[in-house]
Amino acid sequence: MRNRSPIRSRRRNDHRRRWVAPVAAVTAVASLLLAGCTAATQDDRDAAPESEAVQDSDLERYRGQELDFGACDPALVRSQPAVPQVIDAAESAECAMLTVPLDYGDPAGETIELAVARIAATGEDRIGSVVLNPGGPGAAATTFAPLVAALWSGGPLTDRFDIVGFDTRGVGLSRPAVDCYTDDERDADAPLAALGEWTDDSAREIVEKCADGTGRGDVLAHLGTRDTARDMDILRAALGDEKLTFAGVSYGTRLGAVYAEMFPQNVRALVLDGAVDPLKNTRERRIHLSEGLQASFQRFADFCAAQADCPLGADPARATSEAQRLLRPLVDEPLIAADGREVGFLAAGEGIVAGLYSEASWPAIAAGLAELKAGRPDALLALRDGSYGRSESGEYTNSYEALFAVNCLDEERFTAEEMARLGEDLNDAVPFLDPGTAPPTQDGCEYWPSEPTLGYPYATDIDGLPEVLVVSATGDPVTPHDGGISLADTLGARLLTVDGNQHGTIVSRNECIDEIVADYLVDLELPEDGARCAL
């Protein structure tokens, strides 16, 4: 099997866009409003007709395929930040398409194609590939790979490894890509079910919209993390690597942990940064995320109060109430941005959340709140737009649609009563984002054309897994540090603690972190117990 190149972009990806923090700042607020799927238990997973042993011979034709790397679509370069080293890395990238089964229960049936970007190792003593995942779910790794290659340049990682990003099924340049909403609908925040607007009719309609926009409704049932982990094992083999070397951020830690559970014998090294706790179910994790956001907002408030003219005032204890005073009027009376868009409570809140992903963006939050206080929403809207990959011409990537679709196959679903109770608990956990309206009672994934496939907890009691490196920041806003401790304990991994306020740190160009990651990935040497770095 030989796969063609180059990648050709879909219309909405063919533009310049900002890449924001290593992961989905894209939807921290939206994820609080989404509900996942009916709980899949460990017994359900064990009973599923997905045995690797049964399918092994049927998958050999996929593992043995030749990736025909060639020139990438120019959109790959245009999607990068205007930094010379990153542009150079993108221009040196090679691209191909990987063919995988749509349904691993029927490997002889329909197939889909996954986009792959590679920046080749610069040295002669090549070890293999480092496969990347930037998070989300729904962030495009083909876009992420040049950035990582640029940030890791000058060290042993780009010398010894090909840097490889693949857009997971339904994402970015993979075919087909999930497409549920028009750009105008994304501008209006209509699909986010803001402030509890999901209804039974809209939950039914979203399945039809996603099926029509994607062009293949059969894809919607096969976008979960377990299928993506199987894809990653096909990619490993097609790249010619006997074992997988992987670096994942945020959701990428879930993907890496699930891969470790399913294919422990094929793991060489895993770096899992900004850890999703594998022991928490959907409800617990969303509350955990909300608590992390509130704690991060409070740290921002402490910073802001020490500055002149903080828009939240000089008393950090009053920051939440001051933020509410600015945000809640937008529920009923959105402001109009310079480009004519309405900016309501949700969009402004998303702008704040996007800035919380890194302490470096705290001044931008303060500036945005100051403008909001003066009746201008544009600065917060710019933060929100950057997190969603919105171009100046108003086009969006499909990161939100992909996140929604994957969550519908990974998460738990809730009854109306459970949704209402969860909404109340989330508002209590992150009061600066409480809209003051009734929480949603309709599960947006209720009519998705498949039951969930992940199951909670996951990645427990794995036999034969090599040593793994978990990286976790003490001030991570959306995957709090105790989740990193839990993942390390669950996998029997070594934990690197990073003192700092950031979500995802392995691409922060920090000498301490870079040296530890390089020692592990190149020589499989882990840091000492209790190792720490500071941002």
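Presented here is an overview of the structure given in this document. (Residues numbered from 1 in each chain as written. Predicted model: local features only at pLDDT ≥ 70, side-chain atom pairs only at ≥ 80, totals over all residues. Heavy atoms only, no water.)

Some thoughts on the state of the cysteines
Two cysteines, two sulfur atoms, one covalent bond between them: this is a disulfide. Counted according to the given criterion, the structure contains 5 disulfides. A sulfur-sulfur separation of 2.0 Å characterises the disulfide bridge that pairs C304 with C310. Taking the sign of the S-S torsion, about 110° here, the bridge from C304 to C310 comes out right-handed. Judged by its relative accessible area of 11%, C310 falls in the buried class. Linked covalently through their sulfurs, C512 and C533 form a disulfide whose S-S length is 1.9 Å. Taking the torsion about the sulfur-sulfur bond, which here is approximately -70°, the covalent link between C512 and C533 counts as left-handed. (Disulfide = S-S within 2.5 Å. Buried < 20%, exposed > 50% of the residue type's maximum accessible area, 1.4 Å probe, protein only.)

A word on the packing of aromatic side chains
Following the criterion strictly, the structure yields 10 aromatic pairs and no others. Ring geometry for F303 and W362: centres 5.6 Å apart, planes at 50°, overall tilted. Note that F303 is positioned in helix α13 (residues 282–305) and W362 in helix α17 (residues 362–373), a separation of 59 residues in sequence. Between the aromatic rings of Y400 and F404, the centroid separation amounts to 6.5 Å while the plane-to-plane angle is 35°, which identifies the pairing as tilted. (Phe/Tyr/Trp six-rings, centres within 6.5 Å; stacked < 30°, edge-to-face > 60°. Helix = DSSP H or I, 4+ residues; strand = E, 2+ residues; numbered from the N terminus.)

Observations concerning the nonpolar core
In this structure, L98, V131, L235, W448 and L491 are the most contacted members of the largest nonpolar core, which totals 70 residues. When residues in this core are grouped by element, the largest group, 7 residues, is from helix α12 (residues 251–262). Those residues in contact with W448 that sit more than four places away from it in its chain are V207, C210, L220, F404, A405, C408, L409 and R413. Counting 42 residues, the second largest nonpolar core, distinct from the first, contains V86, L132, L521 and L526. (Core = buried A, V, L, I, M, F, W, Y, C linked by side-chain atoms within 4.5 Å. Contact = heavy atoms within 4.5 Å.)

A few points about the pairing of strand β8 (residues 244–249)
The element β8 is largely enclosed, with a buried count of 6 among its 6 residues. On β8, burial covers both faces: L244, F246 and G248 on one face and T245, A247 and V249 on the other are all buried. Sheet topology note: the β8/strand β9 (residues 267–273) ladder contains 6 bridges and is parallel. Looking at β9, one finds that T245 is bridged to A269. Following the backbone out of β8, through α12 and into the adjacent parallel β9, one traces a crossover that is right-handed. (Pairing = 2+ DSSP bridges. Right-handed = clockwise from strand over helix to strand, strands pointing away.)

Points about unusual backbone geometry
When glycine is set aside, most residues are seen to have a negative phi, and most peptide bonds are trans. Look at the link from G136 to P137: it is a cis peptide, with omega at -5°. Of note, P137 is situated in the loop between β6 (128–133) and α7 (141–151). For the bond running from R175 to P176, omega is -10°, close enough to zero to count as cis. As for its placement among the helices and strands, P176 is situated in the loop between β7 (161–166) and α9 (183–187). Despite not being glycine, A459 has its phi angle at roughly 60°, a positive value. Along the chain, A459 falls in the loop between α20 (416–429) and β12 (469–473). Take A459: its relative accessible area is 0%, and that puts it in the buried class. Phi is positive for L524, which is not a glycine, with a value near 60°.

As for a negative patch on the surface
Side chains of E511, E515, D519, D523 and E525 sit close together on the surface and give a patch of like negative charge. By the secondary structure assignment, E525 is in the loop between α22 (511–523) and β14 (532–534). Here E525 falls in the partly exposed class, since its relative accessible area comes to 47%. (Patch = residues over 30% accessible without salt bridge, like charges linked within 9 Å, V, L, I, M, F, W, Y side chains within 5 Å. Areas by Shrake-Rupley, 256 points an atom, 1.4 Å probe, with all protein chains shown as cover. Salt bridge = Lys/Arg side-chain N within 4 Å of Asp/Glu carboxyl O. Lys, Arg positive; Asp, Glu negative; His and termini not counted. Charge placed at Lys NZ, Arg CZ, Asp CG, Glu CD.)

Brief notes about the pattern of salt bridges
Under the definition given, this model contains 32 salt bridges. Across the pair R216 and D218 runs a salt bridge, and its minimum N-O distance is 3.3 Å. Classification of D218 by relative accessible area gives partly exposed; the value is 36%. As a salt-bridge pair, E451 and R413 come within 3.5 Å of each other at their nearest N and O atoms. Of this pair, E451 sits in the loop between α20 and β12 while R413 sits in the loop between α19 (399–410) and α20, and the two are 38 residues apart along the sequence. The exposure class assigned to R413 is buried, which follows from its relative accessible area of 13%.

What about the side chain of R226?
If you trace the backbone, R226 turns up in helix α11 (residues 225–238). A distance of 3.1 Å separates a polar atom in the side chain of R226 from the backbone oxygen of L454. (Polar contact = N/O pair within 3.5 Å; in protein donor to acceptor, adjacent residues only side chain to side chain.)

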